[in-house]
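Survey of secondary and tertiary structure
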Amino acid sequence: MPAHLRPRRSTERPPRLGVTSTDAGPEIAVLARHATAVEVCLTTPLGERRIPLTRTAHGIWWDLVPELVPGTRYGLRVHGPWDPGQGHRHNPDKLLLDPYAAAVEGEVTWRPEVYGHEVGEDGWTDPETRDGRDSAPHVSRSVVVDHGVFDWGEDTLPDVPWSDTVIYEAHVRGLTMRHPEVPPELRGTYAALGHPAVLDHLTGLGVTSLELLPLHAFTSEPALVRRGLGNYWGYNSLGFFAPHAGYAAASDPQAVVDELKGAIRALHGAGIEVILDVVYNHTAEQSSWDGPTLSFRGLDNQTYYRLDDRGRDIDVTGCGNTLDLRDPQVARMVLDSLRYWVEEFHVDGFRFDLAPALARGRDDAYDREHAFHVALESDPVLSRVKLLAEPWDVGVHGWRTGQFPAVFSEWNDRFRDTARTFWLADVGRRLHGHAGHGVRELATRIAGSADLFAHDGRGPNASVTLVTAHDGFTLADLTAYEERHNHANGEDNRDGHADNRSWNHGHEGPTDDPDVLRHRRRSMRNLLGTLLLLPGVPMLVAGDELGRTQQGNNNAYCQDSELTWVDWELAPWQSALLEDTRALLALRRELALLRGPEFPSFDAVPGRTRLRWYAEDGHLLAEHQWDDPHRSTLVAVLDTLHHEDRRAVALLLHAGTDRSTLRLPPTEGVEGWRVRFSSEAGREVGQHVADGGSLDAGATSLTVLTAVLSGTADERPSTHVVSDAEAR
């Protein structure tokens, strides 16, 4: 080894990883446990200057590098063993990103040079032979930034209680690319998120928390690039500390960072929290057998990734690799990243993609007491922000809904599937003479999914309820398609979920039939009402309140086009749907009994909402009726009449294919009921129904009523709902 690369072993304690400012000057530290030498490569238009790191201890290499001032572009080259069978893939001919880089500049060009092993121009590959070509002209650069230059002013975190939280899942580009009030040069950018028109929509809608699809620096997979497509969703991370530059109106790396901070400051000013969808389960390097060497693989493949005894990736993510959080230094990197986004960007929470992959233990099984979970729960910074889990991965025994520690709330796929089945799939079955699934599962989800979350002091707010998400049909498409239509993705329509539990209402795709359209729009309102007026933390997907369509594509991860961008030019029925959504969220805010921290109880328990179930005749549902596959009606009455804040709300869920007369159960202390919302076209909102009286319910309709209490004036506001009138 050349003398200038020989490390000086140190007894000093290694510093913080990444580039930091010290009294002695800029210092950089890199984890490369199995390396024999590490070089920092300063890159300029004139070439590359290599500076060896001279101090090492405990697998960390570091040194003072005075040139690493804000604005400096740099990379890393790592010397060490090339032994694929043992998981070692060091290759100093590959310029690597610093995992702690605060900004990333430039795109990856999918050339054979970016692979650590030999790859031919024709795609031929030899995974076991080290490639000697320089990757520098074809990869991204790390950039030093200064976080001290941004003025946060009087920024205050909204700190929305879980019981008041309504999540709005959106894509940075997709939300604003077609917004007519956002200046063209800002559309699809971080800056657009803070534009007054966007803020007005979010606050006027009544959501509290904007959950953004991944905005960590990412790249597109080579297979997509070959098809002329790109990774739109961003679940293909290059680094965990840098915002994706492609989402900024600015081009300078420092300005990209500041632009995102400005958007978060503006959202906070409007009272909106910012939650980041984060992808710590895998990286863009795909499988070590056929993927590139961009960062982690070249630094220390054996440390960063889960490998089998042949040195090959253990993939529980479906993306070729899995980060190994069993290693303390890898877990430390993830925790450092999370704290960084809280402390430097003021984000309010995180949604963890494929969360079980982060907590698989030594035997590769999910461990709810994994050290990573313990660290999150005990960390003084991270334990105070919102933490949400996607509670499944693609590995063995990967479905873990309800099994995460109390510090998490979780996406509730059981709620999603049950709501779709009741309002869509079962209705379609009945129209063809088949039985449905009954109402037991629906009642369990309406009650907050206690079967999944009633442990370790958890309550209904541990359940993030949803009927749609980015990865599936939109709300409108659930009512218009029974089959996925993903041909534009270039995978012969084999990608995307096949179990959609949707119903096209008799016609697949677009139609001008007024009856089909009227029924579809009623089904959308049924799903929205079920989502927004039940216990749990509801998540609404951007554009669902406007009836957005993706033309039946339920896996639009590679479609950065008008197919996935929210269209803000609204037809009358879309404006009506928007008003309905606003009204439902206003009603949710008004009725605290719908969003309490405790699960509802069948009996009158102090501090808890009482929930009872009735049949269409106004009598309590009998045991034999729960699993009747022909039952399509459920009446739920929630009340706090035994509390100081005396309230009651009745939800009439009728998924039958014919009209039905539903009798409201006599309720002590209630004089009558007033209709506050109806999915049925033409239903009079504000209609009064006597206690114990009957209400005519249209086919497949949801009606919501609030109680008029005995001895009180009926001064409760009537929620304004613009229904999709049959005349439209």
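Here the structure is a predicted model, which is why all the values come from computation and not from measurement.

Rules used in this analysis
Residues numbered from 1 in each chain as written. Predicted model: local features only at pLDDT ≥ 70, side-chain atom pairs only at ≥ 80, totals over all residues. Heavy atoms only, no water. Pairing = 2+ DSSP bridges. Helix = DSSP H or I, 4+ residues; strand = E, 2+ residues; numbered from the N terminus. Axes fitted to C-alpha atoms, helices over the stretch in contact; angles between N-to-C directions. Phe/Tyr/Trp six-rings, centres within 6.5 Å; stacked < 30°, edge-to-face > 60°. Buried < 20%, exposed > 50% of the residue type's maximum accessible area, 1.4 Å probe, protein only. Lys NZ or Arg CZ within 6 Å of the ring centre and 35° of its normal. pLDDT = per-residue confidence, 0-100. Contact = heavy atoms within 4.5 Å. Right-handed = clockwise from strand over helix to strand, strands pointing away. Core = buried A, V, L, I, M, F, W, Y, C linked by side-chain atoms within 4.5 Å. Salt bridge = Lys/Arg side-chain N within 4 Å of Asp/Glu carboxyl O.

1. Digging into the sheet that holds strand β14 (residues 141–143)
In spatial order, the strands read β5-β4-β8-β14-β11; together these five strands make up an open sheet with antiparallel pairing. Each edge of the open sheet is held by one strand with a lone partner, namely β5 (47–52) and β11 (103–105). Across this sheet, the average inter-strand angle for adjacent strands is 40°, counted without regard to direction. When strand β4 (residues 37–44) meets strand β8 (residues 73–79), the two strands line up antiparallel, connected through six bridges. Of the residues in β8, the one forming a bridge with cysteine 41 is glycine 75.

2. Focus: the packing of aromatic side chains
Going through the model one piece at a time under the given rule, you end up with 23 aromatic pairs. Taken together, a centroid distance of 5.8 Å and an interplanar angle of 40° make the contact between phenylalanine 240 and phenylalanine 296 tilted. Remark: phenylalanine 296 occurs in helix α6 (residues 296–304) and phenylalanine 240 occurs in the loop between α4 (222–226) and α5 (253–269); sequence separation between them is 56 residues. Aromatic side chains phenylalanine 352 and phenylalanine 372 sit 6.2 Å apart centroid to centroid with 85° between the ring planes, which places their arrangement in the edge-to-face category. Taken together, the residues span a long stretch of sequence, with phenylalanine 352 in strand β18 (residues 349–352) and phenylalanine 372 in helix α8 (residues 371–378) at a distance of 20 residues. Comparing phenylalanine 352 with phenylalanine 372, the two get one shared label, buried. Feature note: the residues Phe240, Tyr280, Phe296, Tyr304, Phe350, Phe352, Tyr366, Phe372, Phe404 and Phe408 constitute an aromatic cluster, connected by ring pairs. The ring of phenylalanine 345 carries lysine 261 above its face, with NZ or CZ at 5.4 Å from the centroid.

3. Comments concerning the confidence of the model for the protein chain
For the protein chain, the average pLDDT comes to 94, and 96% of its residues sit at 70 or higher. Throughout residues 717–728 the model reports pLDDT below 50, and contacts reaching past four residues in sequence, or to other chains, amount to 37 contacts.

4. Re the pairing of β18
Because side chains alternate across β18, one face comprises the buried residues Gly349 and Arg351, and the other comprises Phe350 and Phe352, equally buried. In this structure, strand β17 (residues 273–278) lies alongside β18, joined through four bridges in parallel fashion. Counted as the bridge partner of leucine 276 is phenylalanine 350 from β18. As for the winding sense of the linkage, the β-α-β connection from β18 through α8 to strand β19 (residues 386–389) is right-handed.

5. Focus: the nonpolar core
Counting 152 residues, the largest nonpolar core has Tyr168, Met333, Trp341, Phe350, Phe352 and Trp613 as the members making the most contacts within it. In this structure, tryptophan 613 is in contact with Ala443, Ile446, Ala447, His619, Leu620, Leu621, Trp626, Leu634, Val635 and Ala636, ignoring residues within four places of it in sequence. One finds Val635, Leu641, Ala650 and Val689 within the second-largest nonpolar core, a separate group that totals 18 residues.

6. A short note on the sheet that holds strand β15 (residues 167–170)
Pairing within the closed barrel is parallel, and its eight strands lie in the order β15-β16-β17-β18-β19-β20-β21-β22. Strand-to-strand twist across the sheet, computed as the mean angle between neighbouring axes with direction ignored, equals 30°. Sheet analysis places β15 next to strand β22 (residues 537–541), joined by three bridges and oriented parallel. Each bridged residue has a counterpart across the sheet, and for isoleucine 167 the counterpart in β22 is methionine 539.

7. So, the pairing of strand β23 (residues 610–614)
The buried fraction of β23 is high, at four of five residues. In this structure, β23 lies alongside strand β24 (residues 633–639), joined through five bridges in antiparallel fashion. Opposite leucine 611, over in β24, you have leucine 638 as the bridge partner.

8. Focus: the environment of tryptophan 289
Here tryptophan 289 shows up in the loop between β17 and α6. For the pair tryptophan 289 and histidine 117, spaced 172 residues apart in the sequence, the C-alpha separation amounts to 8.5 Å. Setting aside chain neighbours within four positions, we find tryptophan 289 in contact with Pro84, Arg89, His117, Thr125, Pro127, Glu128, Arg312 and Asp313.

9. With respect to the pattern of salt bridges
Two side chains with opposite charge may pair up if their charged atoms get near one another. Counting across every chain of the model gives 53 salt bridges. Linking arginine 55 and glutamate 12 is a salt bridge whose minimum nitrogen-to-oxygen distance equals 3.3 Å. Here the residue arginine 55 occupies a position in strand β6 (residues 55–57), and glutamate 12 occupies one in the loop between β1 (8–9) and β2 (18–22), the gap between them amounting to 43 residues. Residue glutamate 12 is classed as partly exposed on the basis of its relative accessible area of 39%. Its salt-bridge partner being arginine 351, residue glutamate 390 comes within 3.1 Å of it at the nearest N-O pair. Taken together, the positions of glutamate 390 in the loop between β19 and β20 (409–412) and arginine 351 in strand β18 put the pair 39 residues apart, joining distant regions of the chain. As far as burial versus exposure is concerned, glutamate 390 and arginine 351 are alike and both buried.

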